[in-house]
2 protein chains.
Amino acid sequence: MMRTLEPNECERLLKSRYHGHLACTADGKPYLVPVSYVWTPKGIVGYTHEGKKIDMMRANPHVCLQVEDITDRAWRSVVVYGTYNELSGTEKTTAIDALGQFVANAKISPPFVREDMIAAVHPPAPAKHPVIYRIEIDEVTGRAFGELSDLS
Amino acid sequence: MMRTLEPNECERLLKSRYHGHLACTADGKPYLVPVSYVWTPKGIVGYTHEGKKIDMMRANPHVCLQVEDITDRAWRSVVVYGTYNELSGTEKTTAIDALGQFVANAKISPPFVREDMIAAVHPPAPAKHPVIYRIEIDEVTGRAFGELSDLS
């Protein structure tokens, strides 16, 4: 049976995951990419290098992030409607710290996702500094189906 | 090393998968959901019930579908830019046949995805008839990282 997730269930799912899909839009056309992220009390922190996604989010900060947990017997999915906020200065440093703490404490798999996150915290070269952003959460909805287990 | 996927590699990935993420947009805001689909020579066939996604795609048919294959050592991801086309009549019957053939021949997991696809082909009640759509492919791009294995 399908059911709606409570706000605290949505937050637990977002906190327990670090992989999602992010959509943005320009000129009436959507664009969508997989992203790694870290949940923080102020919003969803992500990182990326310059490119199409960043150009679009700079021009139009409305974004949608979807995160899911699928097992053999159940699924749950959370959709975040939010606003893209590119970080700089102290906010950027704090966000990088949050990423660094997450990488240090979480069991991140597959290995290239972990390496990707480490590269965001400790860029291999100055030219490789990623853009760090935070999605300010405007609204969250979630749905689930089947027998859900506890989130690990 | 990151590399661009050739068109035939993009098509092979789309053919070998049946789970992706679909983004649409309205009023400058994106929306994003996980979807099950079947690749056909004419486009990507999907199904859904009435709701926010359908309302948005009916109002603005520009969509973006992203499909990925992630293993411990590599990932590949394909992005389809396409146009939503709600099917009726013979086209709908042909699309439902393609879904039915896929369900009969493919090893679909987890079980609820298989059940969901069967329900699209053989709705449990007339009121439950899903909307069947085809994404006409306008452009496909793909990228990969790491040592890719053959697609199964």
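Here goes a summary of the coordinates provided. (Residues numbered from 1 in each chain as written. Chains lettered and ligands numbered in written order. Predicted model: local features only at pLDDT ≥ 70, side-chain atom pairs only at ≥ 80, totals over all residues. Heavy atoms only, no water.)

Of the transformation superimposing chain B on chain A, the axial component is 0.0 Å and the angular component is 180°, with the fit at an RMSD of 0.0 Å. The transformation relating the two chain copies, once decomposed into turn and shift, fits a two-fold axis. Taken as a fraction of all interface residues of chain B, those also at the interface in chain A reach 100%, which identifies the copy contact as same-surface. (Least-squares fit on C-alpha atoms with pLDDT ≥ 70 in both. Contact = heavy atoms within 4.5 Å.)

All right, on to the interface of chain B and chain A then. Of the residues lining the interface, 34 residues belong to chain B; the matching set on chain A comes to 34 residues. On the surface where chain B and chain A come into contact, there are 12 residue pairs in polar contact (both at pLDDT 80 or more). Within the residue set of the side of chain B that touches chain A, elements represented by two or more residues are strand 2 (19-26), strand 3 (29-40), strand 5 (62-70), strand 6 (74-86) and helix 4 (111-121) of chain B. Residue classes in the side of chain B that touches chain A are distributed as 19 nonpolar, 10 polar and 5 charged. (Polar contact = N/O pair within 3.5 Å; in protein donor to acceptor, adjacent residues only side chain to side chain. Helix = DSSP H or I, 4+ residues; strand = E, 2+ residues; numbered from the N terminus. Nonpolar A, V, L, I, M, F, W, Y, C, P; charged D, E, K, R; others polar.)

Taken as a whole and assessed by the stated rule, the structure comprises 10 aromatic pairs over all chains. Seen from their ring centres, A:Y81 and B:Y31 are 6.2 Å apart, and the 10° between their planes marks the pair as stacked. Of this pair, A:Y81 sits in strand 6 (residues 74-86) while B:Y31 is found in strand 3, placing the two residues in two different chains. Taking the relative accessible area as the measure of exposure, B:Y31 reaches 12% and is therefore buried. A connected cluster of aromatic rings, assembled from ring pairs, spans A:W75, A:F145 and B:F112. Stacked on the ring of B:W39, the Lys or Arg B:K15 has its end atom at 4.6 Å from the ring centre. (Phe/Tyr/Trp six-rings, centres within 6.5 Å; stacked < 30°, edge-to-face > 60°. Buried < 20%, exposed > 50% of the residue type's maximum accessible area, 1.4 Å probe, protein only. Lys NZ or Arg CZ within 6 Å of the ring centre and 35° of its normal.)

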